[in-house]
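Close look at the chain arrangement
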Amino acid sequence: MKKNLVALLSFLLVFSLVLAGCSEEKAEETKSQLDVIMKRGKLIGGVNADIPGFGYLDSDGSYKGMDIDITKAIAAAVFGDANAVEYRPLSSEERFVAVQTGEVDVLARNTTYTTSRDASVGLAFAPVTFYDGQGMMVHKDSGIKSLKDLEGARISVESGTTTELNLADQMRKLGVSYEPVVFDSQDAAVAAYEEGSVDAYTTDRSGLVSRRSTLSNPDDHIILNDVLSKEPLAPSVKDGDTKWADIVTWTVYALIQAEEYGITQGNVDTFMDSDVPEIRRFLGVEGDLGEQLGLKNDFVVQIIKAVGNYGEVYDRHLGPDTVFDLDRGPNNLWTDGGLMYSPPFR
Amino acid sequence: MEHNVLNSNKHEPTKVAPPRPTTSVLGWLKANLFSSWMNTILTIVFGTIVFVLVKNSIDWIFFKSDWYVIVANFKLLIVGQYPNEELWRVWICLILISVLMGLSSGIWKGTMGHLTSFMMGIYIIIICLPFIIFETRVWLLINIAVIVAAFLIGTKQSKFKIATLIGWGLMLPIVIVLLSGFGVFNHVGTNLWGGFLLTLLIAVVAIIFSFPLGVLLAIGRRSKLPIIRYISIGYIELIRGVPLITILFVAQLMLPLFLGDSIEIDNVVRAMVGFTLFTAAYLAENIRGGLQSIPRGQFEAAEALGLNATFKMTFIILPQALRAVIPAMVGLFIGIFKDTSLVAIVGLTDLLGIGKNIISNPAFLGTQMEVFLFVALVFLIFCNMMSYASRRLENSLGVGKR
């Protein structure tokens, strides 16, 4: 018995020594992630690989989608090479830890920009790249025109998402009673809706549009005009590294500003000898905006050459030529009545 | 009929036809399906259900479904994003395995022979699939030729026995070096390994490395030395008390947090380590069961022969103990093979993960049924191969008969 006790104590001693050894380091951590990325020679982008339109794996084995293009733009800004990216597909559970631990340099994975994520999760958000909102899809012949008509309806929703909570909030506000039918996966929720065992299906509007295109008769379904919640999706980086956060932020702004100036992937070279001072500064022909950010002065040119401007990115993945044909709505430029607005480059 | 027999009896009483078996189709139906009114009702009800299920399945599989998604993404599903220009390295790995399989089936026949012919069957089916590109067909034909050649060599020359065993032992390191490059070839990062290749690699690594660890833990748990015993018990109970997915999350998320920025471990390696540690704990308990089934007399006999503890274990106890728990171990390994699909949750692109990514391609929206069925089929084939091999192994070792 005594022997056992001695053994146990010595084991604990060794174990605590090991633990003590672990806690010693962590002395200086003032290095910006930018230096790490430069040294590594490539960007590690945390992405989602299973959201239609935003991130998916193409048959040729490359990742494609709107969030992927944002990541490519950042790589182009840093290295002048849009392919200097290693993609890390992340699940919604692990995405935040992956940013905190530096597993990924940037998270471009349709993440909703919220207070708590900004404040307590330890993320720093770049500008919004896509304004989404929760919507509701119903069968056309049901005669439902707005949320108020859903009195007593069965609504299918994915479990454990903000979608479920938003639905409850909105319906309580409107005083409409309904029966939520909760599913584990989107596929199951949509299947139940399609076969008519529920009256409506709710998720983000971009998701609704992509799902509707897969139904056997897309025209038999309508998406209500009501928006249940705001879902601004934005890329994010680790909190407390303003130098790196600035680069991501101004990369997104560069995409938006380029569209405002009408600079596209195809015509960017013709703008190089433009006389307009703002455009000359924007493209790095004069001034040192890029150097101020810690990049090369022509970083905007590299971004546009790699992925085009914001409108081109949007159209490539969600626009009229895709199966989604998603109306730009709030994602229009501010000059066209949307919310996309870039502060001046000067 | 009977009338005929009687007639022939009258005229020519030479040959009498043997009595017809009473189990004609109708007779069998009557005896087994419609013997009472209860059985009749059951037969009709379940017959209808089976009919509807089968009809709808066939209807869906052959007419409604769109299998183009598998055709277009076949390469992705099998080897993931592994670069096309480096694919020859995967083929070389397969050819090396084919050589060993051919040799083994030539030397040992039996189970190996069956498995090898089964693999050849799969190759031939893939060759015959209409959408397979020419290059793949050539590689597969080379593989089949290699298997046959090695088989012939193996049957004639049994002196390759040791070489073959050493070959199997070196296979995993060779495959890893070939796949990743390691300075010899262009480096292919593990983030590009995917599909069935990754599933298989994680499972094989977990099974191979967990085995020695499991044996040590099992022996450690029965050790008389308290520190070793408590560490073994603590480890086994800790791992067995935690779900596998938690271990994967810890490996993927907590480990980088503990290790800090200085050490970066590849995330595929992390998943492999997680699986190995998990499998080892369960394996240890299986093996401990085997150890406990060995009668005391065996230990005493070994000691009476003057064997020390190491020899006693390696030559007397373990061979008997391991033989007794083969079914349990194979069951565990099949479980681990299927559990590898959990890495899809932590963002690795194994067979299931890559399937999830493919169905998000706008070109293939709404094809999740086809993709998941394909994934299920691949798992079904390989799990059945494993359990078949284990049944044969049990028979040849006479487990449960002695």
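Quick caveat: nothing in here was measured; it's all calculated off a predicted structure.

Parameters and conventions
Residues numbered from 1 in each chain as written. Chains lettered and ligands numbered in written order. Predicted model: local features only at pLDDT ≥ 70, side-chain atom pairs only at ≥ 80, totals over all residues. Heavy atoms only, no water. Helix = DSSP H or I, 4+ residues; strand = E, 2+ residues; numbered from the N terminus. Buried < 20%, exposed > 50% of the residue type's maximum accessible area, 1.4 Å probe, protein only. Contact = heavy atoms within 4.5 Å. Domains from an automatic or database assignment. Buried area = accessible area lost by both parts, 1.4 Å probe. Salt bridge = Lys/Arg side-chain N within 4 Å of Asp/Glu carboxyl O. Polar contact = N/O pair within 3.5 Å; in protein donor to acceptor, adjacent residues only side chain to side chain. Patch = residues over 30% accessible without salt bridge, like charges linked within 9 Å, V, L, I, M, F, W, Y side chains within 5 Å. Areas by Shrake-Rupley, 256 points an atom, 1.4 Å probe, with all protein chains shown as cover. Lys, Arg positive; Asp, Glu negative; His and termini not counted. Charge placed at Lys NZ, Arg CZ, Asp CG, Glu CD. pLDDT = per-residue confidence, 0-100. Pairing = 2+ DSSP bridges. Phe/Tyr/Trp six-rings, centres within 6.5 Å; stacked < 30°, edge-to-face > 60°.

1. What about the overall build of chain A?
Scanning chain A for helices and strands turns up 13 helices and 13 strands. Once the C-alpha set of chain A is aligned to its principal axes, its extents read approximately 85 × 70 × 40 Å. A buried classification covers 50% of the 346 residues belonging to chain A. Within chain A, residue pairs in contact and separated by at least 24 positions form 70% of the contacts whose partners lie at least 6 positions apart.

2. Re the domain arrangement of chain B
Domains assigned within chain B are domain 1 (2-64) and domain 2 (77-397). Taking only C-alpha atoms, the centre of domain 1 of chain B and the centre of domain 2 of chain B are 47 Å apart.

3. Some details on the domain arrangement of chain A
Residue and element names in this part refer to chain A. Taken as a whole, chain A is organised into domain 1 (33-129 + 234-336) and domain 2 (132-232). Put simply, the middle of domain 1 and the middle of domain 2, counted by C-alpha atoms, are 31 Å apart. On the side of domain 2, seven residues touch domain 1, which itself brings 10 residues to the contact. Counting the surface lost from both domain 1 and domain 2, the interface buries some 700 Å², and carbon and sulfur atoms represent 68% of this. Contact with domain 2 buries surface across domain 1, with T112, F324 and L326 losing the most and accounting together for 52% of the total. Run the count over domain 1 and domain 2 and you get zero salt bridges. At the surface where domain 1 touches domain 2, the tally comes to two residue pairs in polar contact (both at pLDDT 80 or more).

4. Overview of the interface of chain B and chain A
In this assembly, 36 residues from chain B lie in contact with 34 residues from chain A. Carbon and sulfur atoms supply 56% of the area buried between chain B and chain A, which totals about 2,900 Å² over both sides. In this structure, the connection of chain B to chain A is made through two salt bridges. Salt-bridge contacts for D50(A) lead to K356(B); the nearest nitrogen and oxygen are separated by 4.0 Å. At the surface where chain B touches chain A, the tally comes to seven residue pairs in polar contact (both at pLDDT 80 or more).

5. Observations regarding a negative patch on the surface
A surface patch of like charges, here negative, comprises D315(A), D321(A), D325(A) and D327(A). Along the chain, the position of D325(A) falls in the segment after α13 (310-318).

6. What to know about the environment of A17(B)
Along the chain, A17(B) falls in the loop between α1 (2-11) and α2 (25-32). Sequence separation between A17(B) and L277(B) is 260 residues, and the spatial gap between their C-alpha atoms is 69 Å.

7. What to know about the confidence of the model for chain A
For chain A, the average pLDDT comes to 86, and 91% of its residues sit at 70 or higher. Mean pLDDT across the elements of chain A bottoms out in helix α1 (residues 2-22) of chain A (54) and peaks in helix α3 (residues 66-79) of chain A (95).

8. Notes on the environment of N309(A)
Residues and elements named next belong to chain A. Structurally, N309 is set in the loop between α12 (299-307) and α13. With 56 residues separating them along the chain, N309 and Y253 place their C-alpha atoms 9.9 Å apart. For N309, the contacting residues outside a window of four places in its chain are L255, A258, E259, I263 and T264.

9. Looking at the pairing of strand β1 (residues 43-47) of chain A
Residues and elements named next belong to chain A. For β1, the tally of buried residues reaches five of five residues, placing the bulk of the element in the interior. Burial along β1 is two-sided: L43, G45 and V47 facing one way and I44 and G46 facing the other are all buried. Pairing of β1 with strand β4 (residues 85-89), which is carried by five bridges, proceeds in the parallel orientation. By the bridge assignment for β4, G45 is matched with Y87. Of the pairings in the sheet, the one linking β1 to strand β5 (residues 106-108) comprises three bridges and is parallel in character. Each residue of the ladder has a partner; that of G45, found in β5, is V106.

10. Section: the packing of aromatic side chains
Two numbers describe a pair of aromatic rings. These are the distance of the centres and the angle of the planes. Residue and element names in this part refer to chain B. All told, the structure shown has 21 aromatic pairs over all chains when counted by the stated rule. Between W88 and F185 the ring centres are 5.6 Å apart and the planes differ by 85 degrees, which places this aromatic pair in the edge-to-face class. Placement of the pair is W88 in helix α6 (residues 87-108) and F185 in the loop between α9 (161-180) and α10 (195-221), with a sequence separation of 97 residues. The class for W88 is partly exposed, based on a relative accessible area of 35%. Exposure remark for F185: the relative accessible area of 29% places this residue in the partly exposed category. Between W91 and W139, the aromatic rings sit 5.8 Å apart at their centres with planes inclined by 0 degrees, giving stacked as the arrangement. Of the two residues, W91 is situated in helix α6 and W139 in helix α8 (residues 134-156); the sequence distance between them amounts to 48 residues. For W139, a relative accessible area of 18% gives the class buried.

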